[in-house]
Amino acid sequence: EWKTVYIYFKEAVPVETPPLAEIIYMIARFGGYKDRKRARPPGIKTMWIGFQLFSVAANMHHSILAQSTKT
């Protein structure tokens, strides 16, 4: 599922699993978090919204992969 975040943001998918902190910040970006130098860590509401949108994107990614393997 973590690969979905990289695909959604059009970034190169790393070969190895990235650190959890990196994935958390990327999920926060779904919720509107702007990663700036002096920004505080993402809050509960930002993470909640981000995780909801991440779940939708991950389900869609799984559906697309399932369809491509059937044909």
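Residues numbered from 1 in each chain as written. Predicted model: local features only at pLDDT ≥ 70, side-chain atom pairs only at ≥ 80, totals over all residues. Heavy atoms only, no water.

A. Seen up close, the pattern of salt bridges. Going through the model one piece at a time under the given rule, you end up with one salt bridge. Residue Arg29 pairs with Glu11 through a salt bridge whose shortest N-O separation is 3.1 Å. Residue Arg29 is located in helix H2 (residues 20–30), and its partner Glu11 is located in the loop between helix H1 (2–8) and H2; the two are separated by 18 residues in the primary sequence. Arg29 gets classed as partly exposed once you look at its relative accessible area, which sits at 31%. We classify Glu11 as partly exposed; its relative accessible area is 34%. (Salt bridge = Lys/Arg side-chain N within 4 Å of Asp/Glu carboxyl O. Helix = DSSP H or I, 4+ residues; strand = E, 2+ residues; numbered from the N terminus. Buried < 20%, exposed > 50% of the residue type's maximum accessible area, 1.4 Å probe, protein only.)

B. Quick look at the packing of aromatic side chains. The tally for this structure, following the rule as stated, stands at seven aromatic pairs. Ring centres of Trp2 and Tyr6 lie 6.0 Å apart, and the angle between their planes is 85°; this geometry places the pair in the edge-to-face category. Placement of the pair is Trp2 and Tyr6 together in helix H1, with a separation of four residues, close to one helical turn. Within the aromatic cluster, the residues linked to one another by ring pairs are Tyr8, Phe9, Phe30, Phe51 and Phe54. Above the ring of Phe9, the side-chain terminus of Arg29 is found at 4.0 Å from the ring centroid. (Phe/Tyr/Trp six-rings, centres within 6.5 Å; stacked < 30°, edge-to-face > 60°. Lys NZ or Arg CZ within 6 Å of the ring centre and 35° of its normal.)

C. Here's a closer look at the environment of Ile44. Following the sequence through the fold, Ile44 ends up in helix H3 (residues 44–70). The class of Ile44 is exposed, set by a relative accessible area of 75%.

These results come straight from atomic positions and should not be treated as a statement about function.
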